[in-house]
Amino acid sequence: MFSKILIANRGEIALRILRACRELGIKTVAVHSTADADAMHVRLADEAVCIGPPSSRDSYLNVAAILSAATITGAEAIHPGYGFLSENADFAETVEAHGLVFIGPTAEHIRMMGDKITAKTTMLALGVPLVPGSDGELANLEEAHEVASRVGYPVLIKAAAGGGGRGMKVAHSADELSDAWSMARTEARAAFGNDAVYMEKYMDRPRHIELQILGDNHGNVVHFGERDCSLQRRHQKVLEEAGSPAISAEQRDGIGRTATEALARMGYRNAGTLEFLYQDGQFCFIEMNTRLQVEHPITEMVCDVDLVREQIRLAAGEKLGYTQADVTFSGHAIECRINAEDPATFAPCPGTVAVYHPPGGLGVRVDSALYTGYRVPPYYDSMIAKLIVHAPTRAQAIARMQRALDEFVVEGIKTVIPLHRAILEDPGFQSGNYTIHWLEQFMARTH
Ligand code: MV4
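Read on for an overview of the structure. (Residues numbered from 1 in each chain as written. Predicted model: local features only at pLDDT ≥ 70, side-chain atom pairs only at ≥ 80, totals over all residues. Heavy atoms only, no water.)

1. With respect to the site of the ligand
Taken together, 18 residues lie around the ligand, and Lys158, Glu200, Lys201, Met203 and Glu287 are the ones closest in. Here a nitrogen atom of the ligand sits 2.9 Å away from a polar atom, N or O, in the side chain of Glu200. Met203 places a main-chain nitrogen or oxygen 2.9 Å from a nitrogen atom of the ligand. When the ligand is considered free in solution it has 520 Å² of accessible area, and contact with the protein chains removes 92% of it. Broken down by secondary-structure element, the contributors of at least two residues to the shell around the ligand are β6 (155–163), β8 (197–201), β12 (270–279) and β13 (282–289). Taken together, the residues of the shell around the ligand sort by class into 8 nonpolar, 5 polar and 5 charged. (Near = heavy atom within 4 Å. Polar contact = N/O pair within 3.5 Å; in protein donor to acceptor, adjacent residues only side chain to side chain. Areas by Shrake-Rupley, 256 points an atom, 1.4 Å probe, with all protein chains shown as cover. Helix = DSSP H or I, 4+ residues; strand = E, 2+ residues; numbered from the N terminus. Nonpolar A, V, L, I, M, F, W, Y, C, P; charged D, E, K, R; others polar.)

Shown next, in the form of structure tokens:
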């Protein structure tokens, strides 16, 4: 096991990783920008190193400064958290080249899944179901027309280097295809420096369901069930649930077996998440995330597992030590992402937290690096807390979340807490019968 880990992140996830390290008896090194000198992760770490000015590009994305910090402090491994360098294959490779351990998958697997075409071709070959579409990259507009007539309109053109909704264009009919084709390629080239695109049939009312998996360095892979992340606004997740209100235990077992067999054959290591669109009883793989995700706590609550502890153990070469049959699911968990934003316009609202009083009680968890008097800097993501509840049933989890939101006091800055209250009391949400379009329609209706 490692004796010292550098945490290459900030905010609540840096704290989350720090806590797992403490429980494992591992010393921690925080890195921070000049804007984060007063941050909670800096205060709680055993050591802290300033790695640059406020701009992420010069600090949390500054590979040379982070590696220097690891070297001078004698850290043996680096946990990247989510965002920043977490899915940067070159970073993972450089970390390992310096004789340190990257707490995550291999650089090869990160690179493979970063290219959405390679990710899909790989999963198809391993028996994972996909959305109908092109067989890899589209060579030209003629091929785009052929594939679209085969799968049927509407279709989506997606960038190979995209993901998370960036660089997608829809064509509802053949006469829209030429524009969608050139716009998708132009945007992909400008945004990613790679104009490779592929095509999928457009699914009109799917749910976004993702499967959490862990693999060790010895060929063992298990899954921890699904999260329903359908409630999104402009490709930003707002509220997540585990399990999905749409998925039965049999469906979970089925897609879980397919996915774990595929990833075991790939030799996948550490944490990963497979993203599916789910519609009419079918799972269709779209992307894989090769990192710990923001919403991992809801899986931790229903499976009673510490995913960050597992990531560290596995990166140190330990075996999983349990099989799929040992993974059990209990109750229901919900996470609300609390952002420092105007709840009506979603404009970021950085500023000083005048009063901070997080909720508590049975089944309530708050992952946050906030404190009274903290100044939320304007340079980074606006998420300031994750409110997570766990209860025996979905109805009880909803009631618990409503109670916890009522207790939550954040004064001095605007937050999206009022939006979460409105979602939770809506009969459409309570029914559990929603798709990826539900939230935007709800906001058009109520705001
Ligand atoms: C799709 C789709 C419909 N059909 N693919 C957006 C983010 C990226 N991860 C994939 N996305 C979508 N891909 C096909 N073939 C609709 C979306 C989509 C979406 C997906 C998940 C959650 C919210 C979404 C909002 C709009 C579009």
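2. Observations concerning the side chain of Arg337
By the element assignment, Arg337 lies in strand β14 (residues 332–339). When sequence neighbours within four positions are dropped, the list of residues in contact with Arg337 reads Lys237, Val238, Glu240, Val294, Glu295, Met383, Ala385, Val416 and His420. (Contact = heavy atoms within 4.5 Å.)

3. What to know about the pattern of salt bridges
If you walk through the whole model with that rule in mind, you get 33 salt bridges. Here Glu240 makes a salt bridge to Arg337, at a shortest N to O gap of 2.7 Å. Taken together, the residues span a long stretch of sequence, with Glu240 in strand β11 (residues 236–242) and Arg337 in strand β14 at a distance of 97 residues. Overall, the relative accessible area of 0% leaves Glu240 in the buried class. Given the relative accessible area of 11%, Arg337 is considered buried. Glu407 is the partner of Arg403 in a salt bridge, and the nearest nitrogen-oxygen pair spans 2.7 Å. Taken as a pair, Arg403 and Glu407 lie in helix α12 (residues 394–407) at a separation of 4 residues, close to a single helical turn. Overall, the relative accessible area of 32% leaves Glu407 in the partly exposed class. When salt bridges that share partners are traced, they join Glu210, Arg227, Lys237, Glu240, Glu295, Glu335 and Arg337 into one network. (Salt bridge = Lys/Arg side-chain N within 4 Å of Asp/Glu carboxyl O. Buried < 20%, exposed > 50% of the residue type's maximum accessible area, 1.4 Å probe, protein only.)

4. Structural notes on helix α5 (residues 107–114)
Working note: α-helix, 3.6 residues per turn, so residues spaced by three or four point in the same direction. Buried residues of α5: Ala107, His109, Ile110 and Met113, and no others. Taken end-on, α5 shows its buried residues confined to a sector of 165°, consistent with a single buried face. On its buried face, α5 is in contact with α4 (89–97), β5 (101–102), α6 (116–125), α9 (249–266) and β13. (Arc of directions from axis to C-beta.)

5. Here's the deal with the nonpolar core
Inside soluble globular proteins, nonpolar side chains tend to come together where they are buried. Core analysis: the biggest nonpolar cluster contains 39 residues, and Ile338, Val410, Ile423 and Phe429 have the highest contact counts within it. Of all elements in the fold, only β11, β14, β19 (383–391), α12, α13 (417–424) and α15 (438–446) reach the threshold of two or more residues within this core. Among all residues touching Ile338, those that are not within four sequence positions of it are Ser382, Met383, Ile384, Ala385, Leu387, Leu405, Phe408, Thr415, Val416, Ile417 and His420. Of all hydrophobic cores here, the second largest spans 37 residues; its members include Leu24, Ile103, Leu314 and Met383. (Core = buried A, V, L, I, M, F, W, Y, C linked by side-chain atoms within 4.5 Å.)

6. Some thoughts on unusual backbone geometry
Residue Pro154 is bonded to the preceding Tyr153 through a cis peptide linkage, with omega at -5°. Mapped onto the elements, Pro154 comes out in the loop between α7 (141–151) and β6. The residue after Ala242, namely Gly243, is reached through a cis peptide bond having omega -5°. The topology assignment puts Gly243 in the loop between β11 and α9. One non-glycine residue, Phe84, lies in the positive phi region at around 40°. Checked against the element boundaries, Phe84 lands in the loop between β4 (77–79) and α4. Positive phi, normally seen in glycine, also occurs at Asp280, with a value near 50°.

7. Considering the pairing of strand β2 (residues 27–33)
Burial of β2 is extensive: 6 of the 7 residues sit out of reach of the surface. Pairing of strand β1 (residues 4–7) with β2 involves 4 bridges; the strand directions are parallel. Within β2, the position partnered with Lys4 by the bridge is Lys27. Handedness of the crossover joining β1 and β2 through helix α1 (residues 11–24): right-handed. One ladder, built from 5 bridges, connects β2 with strand β3 (residues 47–52); its direction is parallel. Within the sheet, the bridge partner assigned to His32 lies in β3 and is Cys50. (Pairing = 2+ DSSP bridges. Right-handed = clockwise from strand over helix to strand, strands pointing away.)

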